[in-house]
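Here's the letter readout for the chains.
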Amino acid sequence: MARFERIFTAANRALVAGLLAAVFLIVFANVVGRYGFGASLAWVEEAARHLMILGAFSGAGLALREGRLVAITVLPDHLPARLALLLRWIIVLVMFVFMAALLWLGVQFVAFGWNKETMSTGISRGIPYLAIPIGCAIFLVHLMLFARRFVAQRFEYDAGAEL
């Protein structure tokens, strides 16, 4: 299981890095084309937006692992240890239910948009809408693999260490 988790996390990091690199490259090429040659590509803004949305959804599970999701810790920090632990497990359950519901609704949203086209690229709207169920599924896998460490607050990266 640990090997699967390492491979899954590395693949997720590569996906997010690849998406952000693609956004950078197409936007940079469009800027060079616009200001260097007086011509720009109409599809770049739309494609960059869709890739950024997929990158954000795909990176949410990585943010969970690194303790980078927005959290309000005032209540758990002031509770007795056992109650704080229970509250953190409730938070895991709420995250799971929320993301599972968003996954389900995302699949329905993809089906709804599949027969419609995007403005610039002319592709099915269902294709960029896939960011929702794909990102939610990735998050759910991260959550299932990382839940115990999340509750124990053993994040893979200490955000406060750089301060």
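Bear in mind the structure is a predicted one, so any value in this text is a computation, not a measurement.

Parameters and conventions
- Per chain, the residues get numbers from 1 upward, laid out in the order the sequence is written.
- Where local features are concerned, this predicted model is filtered to residues with pLDDT of at least 70; where side-chain atom pairs are given and counted, the filter is 80 or more; whole-chain, interface and lining totals use all residues.
- Just so you know, side-chain values use all the structure's heavy atoms and leave hydrogens and water out.
- Going along the chain from the N terminus, every DSSP run of H or I of four or more residues is numbered as a helix, and every run of E of two or more is numbered as a strand.
- Within these notes, the globule rule equals 2.2 Å times the number of residues to the 0.38 power, and the radius of gyration is based on C-alpha atoms.
- Each residue's exposure class comes from its accessible area (1.4 Å probe, protein chains only) as a fraction of the maximum for that residue type: buried when under 20%, exposed when over 50%, partly exposed otherwise.
- Here, two residues are considered to be in contact whenever any of their heavy atoms come within 4.5 Å of each other.
- Asp and Glu count as negative and Lys and Arg as positive, but His and the ends of the chain are not part of the count.
- Positions of charges follow a simple convention, taking NZ of Lys, CZ of Arg, CG of Asp or CD of Glu.
- Salt bridge criterion: a side-chain nitrogen from Lys or Arg within 4 Å of a carboxyl oxygen from Asp or Glu.
- By this rule the span expected of a helix is its residue count minus one, scaled by 1.5 Å.
- Each residue is assigned a bend, namely the angle between axes fitted to the seven residues that terminate at it and the seven residues that start at it.
- Take the buried Ala, Val, Leu, Ile, Met, Phe, Trp, Tyr and Cys residues and link them wherever side-chain atoms come within 4.5 Å; each set so joined is a nonpolar core.

Participant: Sorry if this is basic, but what is going on with the overall build of the protein here?
Facilitator: Of regular secondary structure, the protein possesses six helices and zero strands. Reading the secondary structure of the protein in the N-to-C direction produces α-α-α-α-α-α. For 163 residues, the compact-globule formula gives about 15 Å, and the C-alpha radius of gyration of the protein, at 19 Å, lies well above that figure. Here the C-alpha coordinates of the protein stretch approximately 65 × 40 × 35 Å along the principal axes. Looking at the 163 residues of the protein, the share that counts as buried comes to 34%. Residue pairs at least 24 apart in sequence account for 71% of intrachain contacts in the protein once pairs closer than 6 positions are excluded. Side-chain charges of the protein comprise 14 positive and 9 negative groups, with the mean position of each set lying 7 Å from the other.

Participant: What should I look at first to understand the pattern of salt bridges in this one?
Facilitator: Close approach of charged atoms lets side chains of opposite charge pair. Summed over the entire model, instances satisfying the criterion amount to eight salt bridges. Put simply, E5 and R65 hold a salt bridge, and the shortest N to O gap is 2.6 Å. Highlighted residues: E5 in helix α1 (residues 2-37) and R65 in helix α2 (residues 44-65), separated in sequence by 60 residues. Of the two residues, E5 and R65, neither departs from the other in class, the shared state being buried.

Participant: Explain α2 to me, please; I cannot follow it from the model alone.
Facilitator: What sets the pattern is the α-helix's 3.6 residues per turn: residues three or four places apart point alike. For α2, which comprises 22 residues, the first-to-last C-alpha distance of 32 Å matches the rise-based estimate of 32 Å (1.5 Å per residue) to within 8%. Of all the bends in α2, the largest measures some 35 degrees and sits at G59.

Participant: What's the story with α1 in this structure? I'm lost.
Facilitator: Helix length check: α1, at 36 residues, gives a terminal C-alpha distance of 51 Å against a target of 52 Å (1.5 Å per residue), a fit within 8%. The complete set of buried residues in α1 reads E5, F8, T9, N12, V16, L19, V23, I26, N30 and G33.

Participant: Honestly, the nonpolar core in this entry has me stumped. Any pointers?
Facilitator: Considering soluble globular proteins, one finds that nonpolar side chains tend to be buried as a cluster. Counting residues in each nonpolar core, the largest one holds 14 residues, and the members touching the most others are L64, V92, M95, M99, F139, L143 and F150. No other element matches helix α6 (residues 131-151), which puts nine residues into this core. Listed in part, the five residues of the second largest apolar core include V23, V44, A47 and A48.

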